[in-house]
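# A look at the structure
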Amino acid sequence: MTRVLRVAQDRNVEISQEDVQAGLDEGHLKILARALPGGDAHLVHIPAQHSQPKREALLQMNFQKVRVQPPVNGACLRKTEIVAWVVRVWEPSPPQGQEPLEWILLTTLPITCPSEAWEVVQW
């Protein structure tokens, strides 16, 4: 079963030798996702919410395969890593006075190209 989750906890991930060479010395999911360079971009319509007006946002996206490590402490039935793909979508230049948009997603669906990653974002 394929799942897509919005990342809340900064889980430990196994980092590759390439990540170490790129200066990434901590194996945390959010840190890894935020270190990914800007990739594909899309213009997205953002509906009005609360006191915020509707607007258009230019979002950057990138993705990478990760190995999420099991918690060191706490109750769990199986202490096995999870192979998944992290997808980060963010707004590098929000309008004046607006919070930048950012979503960090985790999916078990293999992602091989930007169009597959955007499909996950749409879910």
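## Remarks on the overall build of the chain
Secondary structure summary: the chain contains 3 helices and 5 strands in total. Mapped in sequence order, the helices and strands of the chain form the string β-α-α-β-β-β-β-α. Expressed as a percentage of its 123 residues, the buried residues of the chain come to 30%. Long-range contacts, defined here as pairs at least 24 residues apart, represent 50% of the contacts in the chain between residues at least 6 apart. When the accessible surface of the chain is summed, it comes to about 8200 Å², and 51% of that surface belongs to carbon and sulfur atoms.

## Structural notes on the pattern of salt bridges
As enumerated under the stated definition, the model contains 4 salt bridges in all. By sharing partners, the salt bridges in this structure join R34, R88 and E102 into a single network.

## Here's the deal with unusual backbone geometry
Of note, the phi angle at H50 is positive, near 50 degrees, even though the residue is not glycine. Mapped onto the fold, H50 is located in the loop between β2 (40-46) and β3 (55-68). Of the residues examined, H50 reaches a relative accessible area of 86% and is grouped as exposed.

## Some remarks on the sheet that holds β3
On the basis of which strands lie adjacent, the open sheet formed by 5 strands has the order β1-β5-β4-β3-β2 and antiparallel pairing. Each edge of the open sheet is held by one strand with a lone partner, namely β1 (4-6) and β2. Each neighbouring strand pair of the sheet contributes to a mean axis angle of 30 degrees, computed without reference to strand direction. Note that strand β4 (residues 82-90) and strand β5 (residues 102-107) share 6 bridges and pair antiparallel. Among the inter-strand pairings, V87 is bridged to a residue of β5, identified as L105. Contacts between helix α3 (residues 114-122) and the sheet are confined to β1, β2, β3, β4 and β5, with β3 contributing the most and set at about 105 degrees to the helix.

The rules behind the values
Residues numbered from 1 in each chain as written. Predicted model: local features only at pLDDT ≥ 70, side-chain atom pairs only at ≥ 80, totals over all residues. Heavy atoms only, no water. Helix = DSSP H or I, 4+ residues; strand = E, 2+ residues; numbered from the N terminus. Buried < 20%, exposed > 50% of the residue type's maximum accessible area, 1.4 Å probe, protein only. Contact = heavy atoms within 4.5 Å. Areas by Shrake-Rupley, 256 points an atom, 1.4 Å probe, with all protein chains shown as cover. Salt bridge = Lys/Arg side-chain N within 4 Å of Asp/Glu carboxyl O. Pairing = 2+ DSSP bridges. Axes fitted to C-alpha atoms, helices over the stretch in contact; angles between N-to-C directions.

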